[in-house]
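# Structural overview for review
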Amino acid sequence: MIQLRRMTIDDVSLGMRLKEQAGWNQIEADWRRFLALEPDGCFVAELDGKPVATTTTCVFGSVAWIAMVLVDKPARHQGIATRLVEHAVQFLEGRAVQTVRLDATPLGRPVYERLGFVAECDLVRLQGTASTSRSDQTIALNVPDDFSAAAELDRQITGTDRHRLLKAMFREQPDAARAVLDGSRTIGYAMLRAGSQATQVGPAAALTTDAGCALMDWAFQQCDGQSVFVDVPCDNQPAIDWANGKGLETQRPFTRMYRGRPVQDQVVHLWASSGPEKG
Ligand SMILES: CC(C)(COP(=O)(O)OP(=O)(O)OC[C@H]1O[C@@H](n2cnc3c(N)ncnc32)[C@H](O)[C@@H]1OP(=O)(O)O)[C@@H](O)C(=O)NCCC(=O)NCCS
């Protein structure tokens, strides 16, 4: 029998085991952040009393994300992911959310399509080793004060008010973020975070190619010689060109999907997604 319940901090070890099994890059701090951002909106499925699956949600006003849909291998193909995602969608409908988004793996996509999610764009996870090549960029980078201006730029580009996610990430690692200013106006920002397999570059957004390249060069200089993952929208050709120039290789595709009202965003200005968890 399948039963669903709220996820708690005691379930972080379950989440870590399932994400290891799937070969994902999250660390414990990511699970703790998911629970802190949406304590009533992260769920565990139990099969005959044994916890076997997870999902998380995060509400950004009228837009919400579903992520971390992970089912233990022996428990797959019994409808558990379908039940969990249906439950998460019901939770979000109860919070007056108008759009639910997610980044689907090829395995997850058919499950979401059956639940009414529609594909909207493609992203590619690129991986490689951050190279030390000196940047030709002459653009000055700024250490953001409290991240409000960068979060506002992010809102304009993503069509989603992600202040609370971005500020939480900034508070965790204030040194791992930079911005580009044009006069007093923020026109780009980038962040980094640790992963179990590689440093995740992102989120990063920029209104100009020069600003985007300068921020991505900065990110690579921070993790010189380390493994890196970058999730780039396929429609952002300058970002794809930058990554190709760094010798990054494709690891896996993601399909960004939505249910409900489409979000007006500008993926051409998104240089690196924050990861498949929250766009
Ligand atoms: C993707 C994933 C979450 C799916 O979990 P799941 O619990 O197996 O999903 P469901 O059982 O709801 O649906 C999977 C399939 O089983 C079928 N199914 C559902 N109930 C069934 C049942 N009682 N008997 C037989 N088949 C069943 C579904 O129709 C579906 O068919 P499909 O393979 O043709 O799409 C799981 O494979 C996983 O954890 N993968 C690794 C992580 C990942 O990629 N997560 C998705 C992130 S976007």
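Residues numbered from 1 in each chain as written. Predicted model: local features only at pLDDT ≥ 70, side-chain atom pairs only at ≥ 80, totals over all residues. Heavy atoms only, no water.

On to the overall build of the protein. The number of helices and strands found in the protein is eight helices and twelve strands. Principal-axis analysis of the C-alpha atoms gives the protein an extent of 60 × 35 × 30 Å. Taking the intrachain contacts of the protein between residues at least 6 apart in sequence as the baseline, contacts between residues at least 24 apart amount to 75%. Of the roughly 11,800 Å² of accessible surface on the protein, a fraction of 48% belongs to carbon and sulfur atoms. Charge-centre separation for the protein: the mean point of 30 positive side chains lies 4 Å from the mean point of 34 negative side chains. (Helix = DSSP H or I, 4+ residues; strand = E, 2+ residues; numbered from the N terminus. Contact = heavy atoms within 4.5 Å. Areas by Shrake-Rupley, 256 points an atom, 1.4 Å probe, with all protein chains shown as cover. Lys, Arg positive; Asp, Glu negative; His and termini not counted. Charge placed at Lys NZ, Arg CZ, Asp CG, Glu CD.)

Moving on, we come to the layout of surface pockets. What the largest pocket holds in volume is close to 680 Å³. As for the largest pocket, its lining consists of 29 residues, and the residues nearest its centre are Val69, Arg76, Thr105, Leu107 and Gly108. Those elements that provide at least two residues to the lining of the largest pocket are strand S4 (63-71), helix H3 (80-93), strand S5 (99-104) and helix H4 (109-114). If you tally residues by element for the lining of the largest pocket, the top one is S4, at six residues. Here the lining of the largest pocket is composed, by residue class, of 17 nonpolar, seven polar and five charged. Volume-wise, the second largest pocket comes out at about 150 Å³. As for the second largest pocket, its lining consists of 13 residues, of which Asn142, Pro144, Asp145, Ala149 and Thr186 are closest to the centre. Breaking the lining of the second largest pocket down by element, the ones donating at least two residues are helix H5 (148-158) and strand S7 (177-182). Ranked by residues supplied to the lining of the second largest pocket, first place goes to H5 with three residues. A breakdown of the residues in the lining of the second largest pocket according to their chemical character gives seven nonpolar, four polar and two charged. (1 Å grid on protein atoms, 1.4 Å probe; cavity = no way out; pocket = protein on both sides within 12 Å on 5 of 7 lines; lining within 4 Å. Points joined across faces, edges and corners; volume = space filled by probe spheres on them. Nonpolar A, V, L, I, M, F, W, Y, C, P; charged D, E, K, R; others polar.)

Turning our attention to the domain arrangement of the protein. We note that the domain assignment places domain 1 (2-97) and domain 2 (124-272) within the protein. Measuring from the centre of the C-alpha atoms in domain 1 to the corresponding centre in domain 2 gives 26 Å. Surface buried jointly by domain 1 and domain 2 totals about 1,600 Å² across both partners, of which 48% is contributed by carbon and sulfur atoms. It is Asn25, Arg33 and Phe60 that lose the most area in domain 1 upon contact with domain 2, and together they represent 41% of the buried surface on that side. At the junction of domain 1 and domain 2, the tally comes to four salt bridges. Residue Arg33 pairs with Glu172 through a salt bridge whose shortest N-O separation is 2.7 Å. The interface formed by domain 1 and domain 2 holds twelve residue pairs in polar contact (both at pLDDT 80 or more) in total. (Domains from an automatic or database assignment. Buried area = accessible area lost by both parts, 1.4 Å probe. Salt bridge = Lys/Arg side-chain N within 4 Å of Asp/Glu carboxyl O. Polar contact = N/O pair within 3.5 Å; in protein donor to acceptor, adjacent residues only side chain to side chain.)

If you trace the backbone, Thr99 turns up in strand S5. According to the relative accessible area criterion, Thr99 is buried, its value standing at 2%. The contacts of Thr99, once residues within four sequence positions are left out, are Ser62, Val63, Ala64, Tyr258, Arg259, Arg261 and Val263. (Buried < 20%, exposed > 50% of the residue type's maximum accessible area, 1.4 Å probe, protein only.)

In this section: the pattern of salt bridges. Taken as a whole, this structure holds 21 salt bridges when the rule is applied. Linking Arg17 and Asp72 is a salt bridge whose minimum nitrogen-to-oxygen distance equals 3.1 Å. Of this pair, Arg17 sits in helix H1 (residues 12-22) while Asp72 sits in the loop between S4 and H3; the two residues are 55 residues apart in sequence, bridging distant segments of the chain. On the basis of relative accessible area, Arg17 is assigned to the partly exposed category, the value being 39%. Two residues, Glu38 and Arg164, come together in a salt bridge whose shortest N-O distance is 2.7 Å. With Glu38 in the loop between helix H2 (28-37) and strand S2 (43-47) and Arg164 in helix H6 (residues 163-172), this residue pair connects regions lying 126 residues apart in the sequence. With a relative accessible area of 3%, Glu38 lands in the buried category. Overall, Arg164 belongs to the partly exposed group, its relative accessible area being 36%. Linked through salt bridges whose partners overlap, the residues forming this network are Asp30, Arg33, Glu172, Arg193 and Glu277.

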